[in-house]
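# Structural features, examined
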Amino acid sequence: SWSYLKIVDVPFFKADSDQITSADVRVVMGKSHLAPSFTLTNSPQVMCNSCRADTATMWFDVLDSQLGATTKCLINTSFQFGPSLCFIWAACSYSGIPLCQHCWRWGHSTRACHSQAPRCPRCASPHTEAGHRQHASCCRGNPSAKPPQDPTPEGAPCPHAARCVNCKGDHSASDRRCPFWRHRFDRAWLAEKSAPSSLHEGLQEISQKTAQEECKGRRMLNHRH
Ligand SMILES: [Zn+2]
Ligand SMILES: [Zn+2]
Ligand SMILES: [Zn+2]
Ligand SMILES: [Zn+2]
């Protein structure tokens, strides 16, 4: 699993008065005695605390055990940035670009969502995650199928493969294993990965419709002849 950490009060300007970058953070981390005890899963992200502040917060993710052993060993230790000793804190996993928990798309918050219906993070169908067992085609059962399909028992988790609405992987869109989570600070990556696929789906839908219309039109012409 991943753990989300941040380094606080890092000087935003280096000795040469350049702004600190992700690469500088990697160098500092690499030189630290803590280096052998953790593995980064993404590039550290630098965010200036405010437009006038001279300190920044660095966000970074590390590989961790289920029990969070790496996190336990890193929290409250520090990295040396120039003359400053900067401490590591636990970070909220929701820092970065927001993930909407209504439609499960990245880039807007749940409150700002324009979707009418909620979307299920497990199967991308128009129901909530709580309603999945009752409404999802995989879980609601089908007594008239051959052989008849039993519904998933109440209270039991869906035993079927999930399909992430964002990466199409076999996990829920809320799953931290989704590559989108690892890139949640990377606006360019998210834009590139989300826009073309939804655009592609949109285009596919249009071309399917056009094909259907054409087919209908041809049939009508054939009838007339
Ligand atoms: Zn949304
Ligand atoms: Zn569902
Ligand atoms: Zn299911
Ligand atoms: Zn995914």
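### Topic: the overall build of the protein
Along its length, the protein carries five helices and five strands. Listing the helices and strands of the protein from first to last along the sequence gives β-α-β-β-α-β-β-α-α-α. By residue count, 34% of the 225 residues in the protein fall in the buried class. Considering only intrachain contacts with a sequence separation of at least 6, the fraction spanning at least 24 residues in the protein is 49%. About 14100 Å² of surface is accessible on the protein, with carbon and sulfur atoms providing 55% of the total.

### Structural notes on the coordination of the zinc ion (ligand 2)
At the metal site, the zinc ion (ligand 2) is ligated by Cys120 (SG), Cys123 (SG), His127 (NE2) and His132 (ND1), and these contacts range over 2.0 to 2.3 Å. One chain supplies every donor to the zinc ion (ligand 2), and in sequence these donors are spaced C-x2-C-x3-H-x4-H. The residues Cys120 and His127 share a single accessibility class, namely buried.

### Description of the coordination of the zinc ion (ligand 4)
Protein ligation of the zinc ion (ligand 4) involves Cys164 (SG), Cys167 (SG), His171 (NE2) and Cys178 (SG), the donor distances falling in the range 2.1 to 2.4 Å. In this structure, the zinc ion (ligand 4) is coordinated by four donor atoms arranged in tetrahedral fashion, with angles at the metal of 91 to 117 degrees. Written as a sequence motif, the donor arrangement for the zinc ion (ligand 4) is C-x2-C-x3-H-x6-C.

### What to know about unusual backbone geometry
Geometrically, the link from Lys146 to Pro147 is a cis peptide bond, its omega value of -5 degrees lying close to zero. Within the secondary structure, Pro147 is located in the loop between helix H3 (132-135) and helix H4 (179-182). Unusually for a residue other than glycine, Asn76 sits at a positive phi of about 75 degrees. A positive phi angle, near 65 degrees, is found at Ala124, a position not held by glycine. Residue position: Ala124 is located in the loop between strand S5 (84-90) and H3. Its relative accessible area of 31% is what places Ala124 among the partly exposed residues.

### A closer look at the nonpolar core
Ranked by internal contacts, the top residues of the largest apolar core, which has 19 residues, are Ile7, Phe60, Phe79, Phe81 and Ile88. Within the residue set of this core, elements represented by two or more residues are strand S1 (2-11), helix H1 (22-31), strand S3 (55-63), strand S4 (78-81) and S5. The greatest single-element share of this core, amounting to four residues, is contributed by S3.

### What about the sheet that holds S3?
Paired through backbone hydrogen bonds, the strands of a sheet run either parallel or antiparallel to each other. Within the open sheet, the five strands sit side by side as S2-S3-S1-S5-S4. Their pairing is antiparallel. Strands with a single pairing partner mark the edges of an open sheet, and in this sheet they are strand S2 (45-48) and S4. If you compare each strand with its neighbour and ignore which way they point, the axes differ by 30 degrees on average. Relative to S3, S1 is paired through eight bridges, and the arrangement is antiparallel. Residue Ser3 lies in a different strand from S3, and its bridge partner there is Val62. Each of S1, S2, S3 and S4 is contacted by H1, which is oriented at about 115 degrees to S4, the strand it contacts most.

### A word on the pattern of salt bridges
For the coordinates displayed, the defined rule picks out four salt bridges. Glu154 is the salt-bridge partner of Arg133, the closest N and O atoms lying 3.9 Å from each other. Of this pair, Arg133 sits in helix H3 while Glu154 sits in the loop between H3 and H4, and the two are 21 residues apart along the sequence. Using a relative accessible area of 25% as the deciding quantity, one classes Arg133 as partly exposed. We classify Glu154 as exposed; its relative accessible area is 70%. Note that Asp175 and Arg177 form a salt bridge whose closest N and O atoms lie 2.7 Å from each other.

### Things to note about the packing of aromatic side chains
Two numbers describe a pair of aromatic rings. These are the distance of the centres and the angle of the planes. Under the counting rule described, the total for this entry stands at six aromatic pairs. Each ring, one from Phe38 and one from Phe60, has its centre 6.1 Å from the other, and the planes form 50 degrees; the classification is tilted. With Phe38 in the loop between H1 and S2 and Phe60 in strand S3, this residue pair connects regions lying 22 residues apart in the sequence. Classification of Phe38 by relative accessible area gives buried; the value is 11%. You can call Phe60 buried: its relative accessible area is 0%. Relative to Trp189, the ring of Phe180 has its centre 5.0 Å away and its plane inclined at 75 degrees; by these criteria the two rings are edge-to-face. For the residue pair Phe180 and Trp189, the accessibility class agrees, reading buried in each case. Chaining the aromatic ring pairs together yields one cluster made of Phe38, Phe60 and Phe79.

Reading the values: rules and limits
- Sequence positions are assigned chain by chain, starting from 1 and proceeding in written order.
- A letter from A marks each chain and a number from 1 marks each ligand, given out in the order of writing.
- Local features in this predicted model are restricted to residues of pLDDT 70 or higher, and side-chain atom pairs are both shown and tallied only at a pLDDT of 80 or more, whereas totals for entire chains, interfaces and linings draw on every residue.
- With hydrogens and water stripped out, all remaining heavy atoms of the structure feed into the side-chain values.
- Secondary structure elements are taken from DSSP: a helix is a run of H or I of four residues or more, a strand is a run of E of two residues or more, and numbering for both begins at the N terminus.
- Exposed residues in this analysis have more than 50% of their type's maximum accessible area, buried residues have under 20%, and partly exposed residues fall in between, with area computed by a 1.4 Å probe over protein chains only.
- Contacts are residue-level and defined by heavy atoms, with any inter-residue pair within 4.5 Å sufficient.
- All accessible areas in this document rest on Shrake-Rupley with a 1.4 Å probe, and a residue is counted as covered only by the protein chains that are shown.
- Note that water is not among the atoms used; donors are N, O and S atoms within 2.8 Å of the metal (3.2 Å for Na, K and Ca), so sites may look incomplete.
- Here the metal geometry follows the donor angles, with tetrahedral for four donors whose angles all fall between 85 and 135 degrees, square planar for four and octahedral for six when opposite donors are more than 155 degrees apart and every other angle is between 65 and 115, and irregular for all the rest.
- Only buried residues count toward a nonpolar core. Its members are Ala, Val, Leu, Ile, Met, Phe, Trp, Tyr and Cys residues joined through side-chain atoms within 4.5 Å.
- A strand pair is defined by DSSP finding two or more bridges across the two strands.
- Angles run from 0 to 180 degrees between N-to-C directions of axes, and those axes are lines fitted to C-alpha atoms, restricted for helices to the stretch in contact.
- Here, a salt bridge means any Lys or Arg side-chain nitrogen found within 4 Å of an Asp or Glu carboxyl oxygen.
- Put simply, two rings from Phe, Tyr or Trp (the six-membered ring, in Trp's case) pair if the centres are within 6.5 Å, and we call them stacked under 30 degrees between planes, edge-to-face over 60, tilted for the rest.

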